Amino acid sequence: MKRVILAGIAVAALIAAAGGGFVAVRGHLHSTEAALVSPAAAQASDDPIYFQDPDGRPFYSLTPRKTTDGRDYRSVPASADLSFEDEPAAAPATAVATDRKIKFYRNPMGLADTSPVPKKDSMGMDYIPVYEGEDTDDGSIKLSPGKIQRTGVKSERAEPRVIRTAIRAPGTIQLDERRISVISMRAESWVQKVTNVTTGTRVTKGQPLMEIYSPAVASAAAEYVATITSKTTGGQGLYGRGSRQRLVNLDVPDAAIAAMEKTGSVPIAIDWLAPRDGIVLERNAIEGMRAQPGDVLFRVADISVVWAMIDVAERDLGSLALGQTVIVKARSFPGREFSGKIAVVYPQLNRETRTARVRVELTNADSILLPDLYVDAEIETGSPQPVLAVPESAVLDTGSRQAVFVEKGQGRFEPREVKLGHRGGGYVEIREGISEGEPIVISANFLIDAESNLKAALKGFSDAGAQP
């Protein structure tokens, strides 16, 4: 009955608010008493208690009525009327049967706040229950299937893999020190003639470079020829040995000595020959000049084999070993590769650049690798034997310690401290901490770590609150 009375009062208020929108039917208005009685009688049979404009406008009538265009007002039964009574209290939700015991309730926003009884936070959010077994003391963390799916947790088994790492470093081409020859005189000499040889000219072994006249050489040559052509000592090989050795000591070419032995005559000037194949790096000989002992007249270098001097960073020195293959690429010749092996790792470290020099011997058959040419080297390091490895994304590295999360099943993840080895190809070697075949978290492990730290903090607060 309270509902009916309130409905009548509401209708009366709406009529008053319409301000003239309510038009009497058949020339008269129904009284408030009728408005109260009519709905009471209609409630039992669900008859209309009032009528409303069909377009939903704020026009009402207690009796049937038509609009100006001839349409009937819409009837409103008691069941469709607005209710001003208090809604009945909702039936309490059926408790979900569970055998687990709730230890405490934690803040839904992850704050370090727990409660032994159910409660709400300042925004009206319910605290989340924490059951026994979810905060085990074995250091593992347990996540719900929904949270695992939302965070995108992925795992991969630890398996043996071959880890190869490429060290890339710059360098330059240098001459092989063992393939450089200097042509100088061992006695006072005069340059009689210089052949058409200049700096940069390619020469072959035995090619004449200049003609030299030396009094010391001429004297030794005359003595040797006299000894080997004498009727007394000519047939005795021991008598001419000393004279010949003097010519050798004066660095007279073997071809000139052989010509003396064959002709039995002493030449005025002797042809000085190139000692090796190569290019002329330096020419100081000038026709008519006087050369003192030790003066460098020519310098010739063989560039069929050159050195690549590579500057390797200090952090990569532990991965280097003699005999490792090195691929060298010259910046002047894109697409060309030259292969060599590490011959020497120099024992000095550059104080300014924190690099050490590594020497690689390269074959330069077509002589395109020139001294001081810039090159880039790629050194393959690592063992060809497979080692236990996981993706680099699986490792949580704090600087002082490294750890991974091992998936234990049923949403539980166990942190493991590991010792790392070589890295390469997106994988890192695990030397200690896990076994082959264990599933390791490779994605969203930082979120698991954050959840683990949060639960550890909450447990600490809970334990502290439980103490007297």
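Residues numbered from 1 in each chain as written. Predicted model: local features only at pLDDT ≥ 70, side-chain atom pairs only at ≥ 80, totals over all residues. Heavy atoms only, no water.

### Remarks on the overall build of the protein
Argument step 1. Looking only at helices and strands, one finds seven helices and 29 strands in the protein.
Argument step 2. Counting across all 468 residues of the protein, residues that qualify as buried make up 34%.
Argument step 3. Put simply, of all contacts in the protein between residues at least 6 apart along the chain, 69% involve residues at least 24 apart.
Argument step 4. By element, 52% of the accessible surface of the protein is carried by carbon and sulfur atoms, the whole surface being about 27,300 Å². (Helix = DSSP H or I, 4+ residues; strand = E, 2+ residues; numbered from the N terminus. Buried < 20%, exposed > 50% of the residue type's maximum accessible area, 1.4 Å probe, protein only. Contact = heavy atoms within 4.5 Å. Areas by Shrake-Rupley, 256 points an atom, 1.4 Å probe, with all protein chains shown as cover.)

### Considering the sheet that holds strand E2 (residues 60-61)
Argument step 1. Strand order across the open sheet formed by three strands is E2-E1-E3, with antiparallel pairing between neighbours. Single-partner strands in this sheet number two, and they are E2 and strand E3 (74-77).
Argument step 2. In terms of strand pairing, strand E1 (residues 48-52) meets E3 through four bridges, oriented antiparallel. Across the sheet, residue Gln 52 finds its bridge partner in E3, namely Arg 74. (Pairing = 2+ DSSP bridges.)

### Quick notes on the packing of helix H5 (residues 241-249) against helix H6 (residues 254-263)
Argument step 1. Direction vectors running N to C along H5 and H6 enclose 150°, while the axes themselves pass 10 Å from each other. One finds that H5 runs roughly antiparallel with respect to H6. Taken as a pair, H5 and H6 cross one another with a handedness that is right-handed. Contacts from Arg 244, Leu 247 and Val 248 in H5 reach Ile 257, Met 260 and Glu 261 in H6. (Axes fitted to C-alpha atoms, helices over the stretch in contact; angles between N-to-C directions. Parallel < 35°, antiparallel > 145°, perpendicular 65-115°, else oblique. Left-handed = near helix turned anticlockwise from the far one by under 90°.)

### Brief notes about the environment of Gly 433
Argument step 1. Tracing the backbone shows Gly 433 in the loop between strand E28 (427-432) and strand E29 (439-443).
Argument step 2. Judged by relative accessible area, Gly 433 falls into the partly exposed class, the value being 36%.

### A look at the nonpolar core
Argument step 1. Residues Met 210, Leu 247, Val 252, Trp 272, Leu 297 and Phe 298 are the most contacted members of the largest nonpolar core, which totals 30 residues.
Argument step 2. Those elements giving two or more residues to this core turn out to be strand E12 (189-194), strand E14 (208-213), helix H4 (215-229), H6, strand E15 (270-273) and strand E18 (296-301).
Argument step 3. Of the residues forming this core, the biggest block, five residues, is contributed by H4.
Argument step 4. What Trp 272 contacts, discounting residues up to four positions off in sequence, is Ile 183, Met 185, Gln 207, Pro 208, Leu 209, Met 210, Ile 212, Leu 250, Asp 251, Val 252 and Pro 253.
Argument step 5. Core analysis: the next-biggest nonpolar cluster, separate from the first, contains 26 residues, Ile 173, Ala 301, Val 328 and Ala 377 among them. (Core = buried A, V, L, I, M, F, W, Y, C linked by side-chain atoms within 4.5 Å.)

### With respect to H4
Argument step 1. Compared with an ideal rise of 1.5 Å per residue, which puts 15 residues at 21 Å, H4 spans 21 Å between its outermost C-alpha atoms and is within 8% of the ideal.
Argument step 2. When H4 is considered as a whole, its buried residues turn out to be Val 217, Ala 220, Ala 221, Tyr 224, Val 225 and Thr 227. Buried residues of H4, seen end-on, are gathered within an arc of 160° and therefore sit on one face of the element.
Argument step 3. Structurally, H4 contributes buried residues whose contacts are with H5, H6 and E15. (Expected span 1.5 Å × (residues − 1). Arc of directions from axis to C-beta.)

### Considerations on the sheet that holds strand E10 (residues 165-175)
Argument step 1. Around the barrel, six strands lie side by side as E10-E19-E22-E21-E20-E23; this closed barrel has antiparallel pairing. Across the sheet, the mean angle from the axis of one strand to that of its neighbour is 40°, orientation sign disregarded.
Argument step 2. By the bridge criterion, five bridges tie E10 to strand E19 (residues 305-313) in an arrangement that is antiparallel. Bridge pairing in E19 places Thr 172 opposite Met 309.

### Thoughts on the pattern of salt bridges
Argument step 1. Scanning all chains against the criterion turns up 25 salt bridges.
Argument step 2. Among the ionic pairs, Arg 431 bridges to Glu 429, the shortest N-O distance being 3.6 Å.
Argument step 3. Classification of Glu 429 as buried rests on a relative accessible area of 12%.
Argument step 4. A cluster of three or more residues bridged by salt bridges with shared partners is formed by Asp 176, Arg 178, Arg 179, Asp 302 and Glu 361. (Salt bridge = Lys/Arg side-chain N within 4 Å of Asp/Glu carboxyl O.)

### Notes on the confidence of the model for the protein
Argument step 1. When pLDDT is averaged across the protein, the result is 79; 77% of the residues are at 70 or more.
Argument step 2. Below pLDDT 50 for its whole length, residues 83-97 participates in five contacts with residues either more than four positions away or in separate chains. (pLDDT = per-residue confidence, 0-100.)

### Let's talk about the environment of Val 345
Argument step 1. Mapped onto the elements, Val 345 comes out in strand E21 (residues 338-349).
Argument step 2. What makes Val 345 partly exposed here is its relative accessible area of 34%.
Argument step 3. Expressed as a C-alpha distance, the spacing of Val 345 and Val 312, which sit 33 residues apart in the sequence, is 9.7 Å.
Argument step 4. The contact partners of Val 345, leaving out residues within four places of it in the chain, are Leu 322, Arg 357 and Val 358.

### Structural notes on the pairing of E1
Argument step 1. By the criterion of burial, E1 is predominantly enclosed, with four of the five residues buried.
Argument step 2. Sheet topology places E1 next to E2; two bridges connect them, and they run antiparallel. Across the sheet, the residue bridging to Gln 52 is Tyr 60, located in E2.

### Observations concerning H6
Argument step 1. Residues of H6 that are buried: Ala 256, Ile 257 and Met 260. Looking straight down H6, one finds that the buried residues subtend no more than 100° of arc, so they occupy a single side. Along H6, the residues that are exposed and aim more than 90 degrees away from the buried face are Asp 254 and Lys 262.
Argument step 2. On the buried face of H6, the contacting elements are H4, H5 and E15.

### Some thoughts on unusual backbone geometry
Argument step 1. Positive phi values are uncommon outside glycine, yet Asp 251 reaches one of about 65°.
Argument step 2. If you trace the backbone, Asp 251 turns up in the loop between H5 and H6.
Argument step 3. For Arg 354, which is not glycine, the phi dihedral falls at a positive 55°.
Argument step 4. Along the chain, Arg 354 turns up in the loop between E21 and strand E22 (355-363).

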